[in-house]
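Commentary on secondary and tertiary structure
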Amino acid sequence: QEGLRSDHTLDLFRGRTQIHVTLAAGPPPAVEATGGLALAFAENSDAVRVHSVTGAAAAAGIHEGDLLAAVDGQPVHSPEQAAKLLSRPKRGPLSLTIRRNGGSAEVLIGAAQP
């Protein structure tokens, strides 16, 4: 994760002319996941941040900025891993462990909403 955020400096040569170019690294882009979630790396956390939320995830009460800590009890550490777990074929709802404001809750996606 840290390697994705470091700036890189290049020295380019054209004939006898040398140009210094610095490529500033930004945060990696959000990863689209099934259920209406877009996920991104979370600073200083072992979970992933909910970048945006629509559809079933929004209906289940997940909010932008929440931290997704686990899918069906399996801890997640990257947006790609979480997206892969969310896209697995499964019968019944998915259980997501969500952290918000210092607390955590289990949220079901794919269950009938009251």
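A brief report on the enclosed structure follows. Note that this is a predicted model, so its numbers are computed, not measured.

Focus on the pairing of strand 9 (residues 103-109)
Judged from the 7 bridges that link them, strand 8 (residues 94-100) and strand 9 form a sheet pairing that is antiparallel. Its bridge partner lying in strand 9, Thr 97 is registered against Glu 106.

Observations regarding the nonpolar core
With 22 residues, the main nonpolar core has Leu 37, Leu 39, Ile 62, Leu 68, Val 71, Leu 86 and Leu 96 as its most contacted residues. Elements that contribute at least two residues to this core include exactly strand 3 (31-33), strand 4 (37-41), strand 5 (48-53), strand 6 (67-71), helix 2 (79-86), strand 8 and strand 9. With 4 residues, the top contributor of residues to this core is helix 2. Excluding residues within four positions of it along the chain, Val 71 makes contact with Val 76, Leu 85, Leu 86, Leu 94, Ser 95 and Leu 96.

Looking at unusual backbone geometry
One non-glycine residue, Asn 44, adopts positive backbone phi at about 50 degrees. Tracing the sequence through the fold places Asn 44 in the loop between strand 4 and strand 5. We classify Asn 44 as exposed; its relative accessible area is 83%.

Some details on the pattern of salt bridges
Within this structure, the stated rule accounts for 3 salt bridges. Between Arg 88 and Asp 72 there is a salt bridge, with the nearest N and O atoms lying 3.7 Å from each other. Of this pair, Arg 88 sits in the loop between helix 2 and strand 8 while Asp 72 sits in the loop between strand 6 and strand 7 (74-75); the two residues are 16 residues apart in sequence, bridging distant segments of the chain. Under the relative-accessibility criterion, Asp 72 is labelled partly exposed at 29%.

Regarding the environment of Glu 32
With respect to the secondary-structure elements, Glu 32 resides in strand 3. Sequence spacing of Glu 32 and Gly 15 is 17 residues, and the spatial spacing of their C-alpha atoms is 44 Å. Leave out the neighbours within four places in its chain, and Glu 32 touches Leu 37, Ala 38 and Ala 83.

Describing the side chain of Ser 78
With respect to the element layout, Ser 78 can be found in the loop between strand 7 and helix 2. Given a relative accessible area of 17%, Ser 78 falls into the buried group. Setting aside its immediate chain neighbours within four residues, Ser 78 contacts Phe 41 and Val 48.

A short note on a nonpolar patch on the surface
Taken together, the side chains of Leu 10, Leu 12, Ile 19 and Leu 23 make up a nonpolar region of the molecular surface, amounting to roughly 330 Å² of accessible area. Those elements that place two or more of their residues in the nonpolar patch are strand 1 (8-14) and strand 2 (17-23).

What about the environment of Ala 38?
Position of Ala 38 relative to the elements: it lies in strand 4. A residue is classified by how much of its surface remains accessible, and Ala 38, at 0% relative accessible area, is buried. Distance in space between the C-alpha atoms of Ala 38 and Pro 75 is 17 Å, their sequence separation being 37 residues. Ala 38 has contacts with Ala 30, Val 31, Glu 32, Arg 49, Val 50, His 51 and Ser 52, leaving out every residue within four places of it along the chain.

What counts, and where the lines are drawn
Residues numbered from 1 in each chain as written. Predicted model: local features only at pLDDT ≥ 70, side-chain atom pairs only at ≥ 80, totals over all residues. Heavy atoms only, no water. Pairing = 2+ DSSP bridges. Helix = DSSP H or I, 4+ residues; strand = E, 2+ residues; numbered from the N terminus. Core = buried A, V, L, I, M, F, W, Y, C linked by side-chain atoms within 4.5 Å. Buried < 20%, exposed > 50% of the residue type's maximum accessible area, 1.4 Å probe, protein only. Contact = heavy atoms within 4.5 Å. Salt bridge = Lys/Arg side-chain N within 4 Å of Asp/Glu carboxyl O. Patch = residues over 30% accessible without salt bridge, like charges linked within 9 Å, V, L, I, M, F, W, Y side chains within 5 Å. Areas by Shrake-Rupley, 256 points an atom, 1.4 Å probe, with all protein chains shown as cover.

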